[in-house]
Amino acid sequence: MTLEIDDPIKLSEEAIEHISNTLNKIKTQVIETSFQLPEHEIEFFKNSKPKILSKLIYFNSIYKIETKKPHGGEKIIRTYLNNELNNLKIFFDNNLEFYRYHRTESTYLDSKYFIRGKHDIKLNIGTNYFDADHRFTTSHDNTIAQIMANDLIQVYLEDELTKLERTPIKEKIQINPKAIQTWTGSKVALIELLYALHAEGSFNFGTSDLKDVVEFFEKTLKIDLGQYHRVFLEIRIRKTNRTKFLNTLKETLTKRMDNSDE
């Protein structure tokens with residue numbers, strides 16, 4: 001499976017196929033062999049299987065979210081993403097007791113939750129369990145996987161909402177010609193500046209990748225910075241004045257301050 005795919009739909013398609021095949025192989029092994037001890041069965045259905053199944057649920061959910069995403073402005077998409085977040089909240093509310101059991105790492109009901117054929121109807125069993133293959137399913141292993149997946153889905157949705165917050169800035173630059181600025185300094189100077197700002201953690205509270213920062217400025221300023229990593233290497237190996245542009249900025253700004261004081 002190729003993970004370096006920018007398109008979330010294509011990535012999800014590949015991931016779903018890969019994980020499904022893996023899960024089917026594991027299912028065959030589990031059905032054909034027996035667990036030596038109940039503790040081993042509990043460990044598998046409480047931890048091992050949910051870790052794999054949660055990824056399948058996650059990518060399947062992302063596939064659905066992206067393929068059903070409406071076409072429209074920022075408000076429409078924001079409403080759509082917030083509704084998806086609300087669906088996670090509904091699942092949380094409907095499974096609150098089990099969430100507490102899972103989050104507190106409790107074990108006193110493991111023999112009912114994670115041993116095949118030991119389900120208790122009083123313990124809020126999902127409807128899908130009754131149609132499942134009970135040779136490879138317990139009453140709550142799918143619920144554990146869904147909880148794990150929901151944590152990942154929440155992060156994905158919140159990231160998408162964060163991206164929307166930056167959209168109005170881009171739109172403003174595109175529709176307002178007066179806001180467009182042309183970089184007339186050297187590319188080396190701009191690269192030195194961007195590396196300094198990134199090192200300072202000035203973008204998105206220090207969470208942005210340098211590549212994203214460079215691409216944003218390239219699009220905004222309509223400039224191609226080329227092999228900026230190589231340029232930075234050349235800046236690093238300067239024998240003197242490695243921060244040439246930054247030093248010049250400091251001197252120029254200081255002079256302007258001094259002149260303003262006169």
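Before reading on, note that the structure itself is shown above.
Residues numbered from 1 in each chain as written. Predicted model: local features only at pLDDT ≥ 70, side-chain atom pairs only at ≥ 80, totals over all residues. Heavy atoms only, no water.

(A) Broad picture of unusual backbone geometry. At Glu105, a position not held by glycine, the phi torsion is positive, near 55°. With respect to the helices, strands and loops of the structure, Glu105 is situated in the loop between helix 4 (96-103) and helix 5 (110-113). A relative accessible area of 68% means that Glu105 is categorised as exposed. Even without being a glycine, Lys222 presents a positive backbone phi close to 50°. In this fold, Lys222 is placed in the loop between helix 8 (210-221) and helix 9 (228-236). (Helix = DSSP H or I, 4+ residues; strand = E, 2+ residues; numbered from the N terminus. Buried < 20%, exposed > 50% of the residue type's maximum accessible area, 1.4 Å probe, protein only.)

(B) Broad picture of the packing of aromatic side chains. Enumeration over the complete set of coordinates arrives at 18 aromatic pairs. Taking the centre distance of 6.1 Å and the plane angle of 65° together, the rings of Phe35 and Phe45 count as edge-to-face. In this pair, Phe35 sits in the loop between helix 1 (8-32) and helix 2 (38-67) while Phe45 sits in helix 2, placing the two residues ten residues apart along the sequence. Take Phe45: its relative accessible area is 0%, and that puts it in the buried class. Pairwise contacts between aromatic rings join Phe98, Tyr101, Tyr108, Tyr113 and Phe114 into one cluster. Of note, Lys49 hangs over the ring of Phe136, and the distance from its end group to the ring centre comes to 4.3 Å. (Phe/Tyr/Trp six-rings, centres within 6.5 Å; stacked < 30°, edge-to-face > 60°. Lys NZ or Arg CZ within 6 Å of the ring centre and 35° of its normal.)

(C) The packing of helix 7 (residues 187-200) against helix 9, seen in detail. Where helix 7 contacts helix 9, the two axes come as close as 10 Å, and the packing angle between them is 85°. As judged from the angle between their axes, helix 7 and helix 9 are roughly perpendicular. Contacts between helix 7 and helix 9 involve Val188, Ile191, Glu192 and Tyr195 from the first element and Tyr228, His229, Val231, Phe232 and Ile235 from the second. Each residue belonging to the contact of helix 7 with helix 9 can be placed in one class, and the counts come to seven nonpolar, one polar and one charged. (Axes fitted to C-alpha atoms, helices over the stretch in contact; angles between N-to-C directions. Parallel < 35°, antiparallel > 145°, perpendicular 65-115°, else oblique. Contact = heavy atoms within 4.5 Å. Nonpolar A, V, L, I, M, F, W, Y, C, P; charged D, E, K, R; others polar.)

(D) Here's a closer look at helix 2. In this model, helix 2 (30 residues) spans 42 Å end to end at C-alpha, consistent with the 44 Å of a helix rising 1.5 Å per residue. Its axis deflected by about 45° at Pro50, helix 2 carries its strongest bend there. (Expected span 1.5 Å × (residues − 1). Bend = angle between axes of the 7 residues up to and from the residue.)

(E) Seen up close, the environment of Pro38. With respect to the helices and strands, Pro38 occurs in helix 2. Placed 164 residues apart in sequence, Pro38 and Ser202 show a C-alpha to C-alpha distance of 53 Å.

(F) A look at the pattern of salt bridges. Inspection of every chain in the model, using the stated rule, returns 13 salt bridges. For Lys49, the salt bridge goes to Asp141, with nearest N and O atoms at 2.6 Å. One end of the pair, Lys49, is in helix 2; the other, Asp141, is in helix 6 (residues 141-175), with 92 residues separating them in the sequence. Note on accessibility: Lys49 and Asp141 belong to one class, buried. Measuring nitrogen to oxygen at the nearest pair gives 3.0 Å for the salt bridge that ties Asp93 to Lys89. Of this pair, Asp93 and Lys89 are both found in helix 3 (residues 74-94), four residues apart, which corresponds to roughly one turn of the helix. The class of Asp93 is partly exposed, set by a relative accessible area of 42%. Of the residues examined, Lys89 reaches a relative accessible area of 43% and is grouped as partly exposed. (Salt bridge = Lys/Arg side-chain N within 4 Å of Asp/Glu carboxyl O.)

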